[in-house]
Amino acid sequence: MLFRFPPSGSRRRSEEGRRSGGGFAEGRYARLRSEGIGHRERDARTDRGIRLDDHSERYREEPQVVTTDFSVSDFFSPSHPDGIVRSGDAAIRDLTSRLTEITDSVIRPRVRRTVTEFAEQEIVLKAENGEPIPGKYRQINNPVAKVPQDALGDPEVLEAVLIACAQGGKSRSLANFVASKIVDDPENIIVAYPVESTAKEKAKTDFFPMFKSVDSVRKRVFESATDKHDKTSLMQVRYPGGFLKFPTTASPSQTASTPSGCAIIDEYSRVEDTDEGDPRMALRARMSRFVFYKLIVASTLVGKNCRTMQAYKETDMSVPLLPCPKCGHEHKMTFANIDIGRHLVEKVDDKGNLIVDPETGEFELVPGDINPEDCTYRCPSCSYSMPDSVRYHALEGVLWKQTAPFFCCGRKHKPVVDGNFLGPWDEEGICVCPVCEKRPVGIKDKRGFRWSVLYTKTPLRQVIGVFKEAEKNPVKLQQFWNDWMAEEFEIEAKIAKTGVELLNRAEDYEQIYGPGVEVPEEVLGLFSTLDINSSYGLDFNLRGFGLGEESWGVHYEKILGDVEDWTKDGPWYRAEQLRRQLWHGIRDDEGLRVYRSLLMAVDINDYATVEHGKRYVYPRIGKGVIPIKGRAAGPLWNPTASLLGRHTDAHYPVGSIAGKTIIHGRLRITDDGPGKYHWPADEIDIEGNVVKSHGYGEGYMTELANLKSRPNHSHSNGSPDRFIPEVKSVRQEAWDTEIYILAAVKAYVASKGLRSIDDLKPTWRYLHEIEKEDAVEEKDLVDARRKRPVRVNPNPKKPDGPKPVPVQRDPRARGDRI
Ligand SMILES: [Zn+2]
Ligand SMILES: [Zn+2]
């Protein structure tokens, strides 16, 4: 039996459509055939997707043919002439609501070819694009990504979440999908990233070179009549049937407002809320007017319960299972199953040829030499240890299985119970209701995939290498679990419970390096900072840096006094004394090694104290002092930055959040080595009194310990800062000074044209050499005569890199040269 909707009917939507906004296209004919078709037999027989507001004619060509299994007489009288229903009929409303359910599973655009089929037929990887394996694209090089990649192009899948590891092929799958869309099913596509620089970089590395090297895409994107110019620099390309844009999620006007039925958000874990809330939710709200929209988020995990994980939990949560090549046991691969040092080799004959059973094609593995470099993957069921070559082969049989519970036939079903994969699943790895034996309706709408590096053809030795490196540093360890293993992992929000806990890490330099040593032997150079506080004076901090930016605190001092006092009794005099002071290192055969601050960063950020800062800093620019201003965003130090605000308060910007992020991670390092922070312990007499202090006391440590990282980097209060003080009243000078010192290191390294501090030659000298030179100058350290701040016009012409800019000194300032 057939019936038709009137072509003149107004837009009808399902009253109880499961997806908000789901409904029928205007003037859409639908023909229903009364023969039954089960859920699992559904093959989308329609040609294209239907969109409510598609203005192009190509979606209005032919009536859509649908098959279903209910009787039309359920809804209206068979006596109705021609079975034509007029809009507004009560029956039609009932009908449409039920039809929505059916069309969800039935009217889907036909799959022309899968993304993988497209990629293997069309894509040729070019060595000049940096492809490790040039030549025809072969999915066999990364078999685990096949199912997720094909799900992206599957018309039945409306939303997909990809949680991939580093080297997991996520970017490749996204690019393949976009290319296949452009060629096979063009429409407007957006690929959004959290920040603009990433969007630009990804467009230029992951997408455009590939488009240019694939003939069918190049013809449409770069050679079509739509757009003769290469507009890749504009981050947007047009092709017949649509456009592709690379906006940032930070700008709702760029993403959610773009009319598009297909949107991808990459690096979703690092996305931040906008005025419109979560960019994925905003996109979904906009896209729901398309019956068949496609919303994809992809990312590695960040910490625990990040956005991507939350999105994944809304899906079918598919997990890849590896069938053991020996016993056939299917299991989820885990890090714990990696064996280190076991070494199996293929059995070879005398000439080194592999011995293969001619009948079965099997070969034998025999134990080789014990080698700690060698890692194998152990089957948890039969304990068979697979070397990489066997594991790579086994990966081709990986099966994706749904793990999310679902409702059907009035009850909840769990495919995985206590870690046991029970199912039942169909051949696509999607659950089947154990009661009605059908695939639950809508279960394929949202698919989620998550795979670790163990599922890729990355040598296990390399994985273990990264793990061993990361083990020493909690921040890197989190990155290892998040990025490589695709596991949720978050280090403690606080670096230490209390300041005292940190204080216990302080070391007695004299005991380690010898009597009188203030600067440990590993230090290559000293760097310092001055933070101005109108309420009490100055904070001075001096730290020595060695290889890998491992650092040793040397001296911290709260210089109390009136910041307007420029006399010998004032804080500035003391600060300059400290800056010029010689600090003792070890004594070797030739004499006593001494160090002096190479570069001091002075914060002139504070409105109340900026004039004082300028008065101290400007005459000393180019002589080991730089003016800086801490600001929240931006890199800790931009090596190409020039002096900002040259005519008013010239300074270099320092990114404080970036600095906090680095230092917060490093303060967790407890083993000596790159990044470790060291402090000198105060000398205490037998009654517990401090005899000699280096300034890193409980107060300083309490300030350091007070800052905790925020979970999930949620920014509901509008602040982009990832760190918040646990106790609000505790000051943050310790943090500020450590950030500025690190900025000074970066500034110095950049100004000397070095790649890193590792390239810095040790800057100590012998005391007897310096004493001769220093005897010459014995003037006042700061000029006490002048009351007015010095006006300086830093030369605007030569800000080459971060090199401190030579100052056009005011003649009146000559007197305070020291
Ligand atoms: Zn096994
Ligand atoms: Zn059921």
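Refer to the structure above for everything that follows.
Here we summarise the structure given alongside this text. (Residues numbered from 1 in each chain as written. Chains lettered and ligands numbered in written order. Predicted model: local features only at pLDDT ≥ 70, side-chain atom pairs only at ≥ 80, totals over all residues. Heavy atoms only, no water.)

A few points about the coordination of the zinc ion (ligand 2)
When a metal holds four donors in a tetrahedron, each ideal angle between them is 109.5 degrees; when it holds six in an octahedron, the ideal angles are 90 or 180 degrees.
1) Next: Only C408 (SG), C409 (SG), C433 (SG) and C436 (SG) from the protein reach the zinc ion (ligand 2) as donors, at distances of 2.2 to 2.3 Å.
2) Next: The coordination sphere of the zinc ion (ligand 2) comprises four donor atoms, whose angles at the metal cover 105 to 119°; the geometry is tetrahedral.
3) Next: For C436, a relative accessible area of 31% gives the class partly exposed. (Donors = N, O, S within 2.8 Å, 3.2 Å for Na, K, Ca; no water. Tetrahedral: all angles 85-135°; square planar, octahedral: opposite > 155°, others 65-115°. Buried < 20%, exposed > 50% of the residue type's maximum accessible area, 1.4 Å probe, protein only.)

Some remarks on the packing of aromatic side chains
1) Next: This structure, assessed with the given rule, holds 26 aromatic pairs.
2) Next: Between F208 and F246 the ring centres are 5.5 Å apart and the planes differ by 80°, which places this aromatic pair in the edge-to-face class. Separated by 38 residues along the polypeptide, F208 in helix α5 (residues 196-213) and F246 in the loop between β8 (242-245) and β9 (262-266) bring together distant segments of the chain.
3) Next: Relative accessible area serves as the criterion here: at 4%, F208 is assigned to the buried category.
4) Next: One aromatic cluster in this structure is built from F335, F467, F480, W481 and F489.
5) Next: Here the guanidinium or amino end of K245 rests over the ring plane of F243, the centre of that ring lying 4.9 Å away.
6) Next: For the cation-ring pair, R593 lies above W764, with the distance from its terminal atom to the ring centre recorded as 3.9 Å. (Phe/Tyr/Trp six-rings, centres within 6.5 Å; stacked < 30°, edge-to-face > 60°. Helix = DSSP H or I, 4+ residues; strand = E, 2+ residues; numbered from the N terminus. Lys NZ or Arg CZ within 6 Å of the ring centre and 35° of its normal.)

Overview of the coordination of the zinc ion (ligand 1)
1) Next: The protein atoms donating to the zinc ion (ligand 1) are C324 (SG), C327 (SG), C379 (SG) and C382 (SG), with metal-donor distances spanning 2.2 to 2.3 Å.
2) Next: Taken together, the four donor atoms surrounding the zinc ion (ligand 1) define angles of 103 to 113° at the centre, an arrangement classified as tetrahedral.
3) Next: In primary-sequence terms, the residues that donate to the zinc ion (ligand 1) follow C-x2-C-x51-C-x2-C. Taken together, the residues C324 in the loop between β11 (318-323) and β12 (330-331) and C382 in the loop between β16 (375-378) and β17 (385-386) connect sequence positions 58 residues apart.
4) Next: For C382, a relative accessible area of 33% gives the class partly exposed.

Quick word on the packing of helix α2 (residues 115-122) against helix α4 (residues 170-184)
1) Next: Relative to each other, α2 and α4 sit at 85°, their axes nearing to 9 Å. Relative to α4, the element α2 lies roughly perpendicular. On α4, the residues that touch V115, F118 and A119 of α2 are N176, F177, A179, S180, V183 and D184.
2) Next: Among the residues making up the contact of α2 with α4, the classes are represented as six nonpolar, two polar and one charged. (Axes fitted to C-alpha atoms, helices over the stretch in contact; angles between N-to-C directions. Parallel < 35°, antiparallel > 145°, perpendicular 65-115°, else oblique. Contact = heavy atoms within 4.5 Å. Nonpolar A, V, L, I, M, F, W, Y, C, P; charged D, E, K, R; others polar.)

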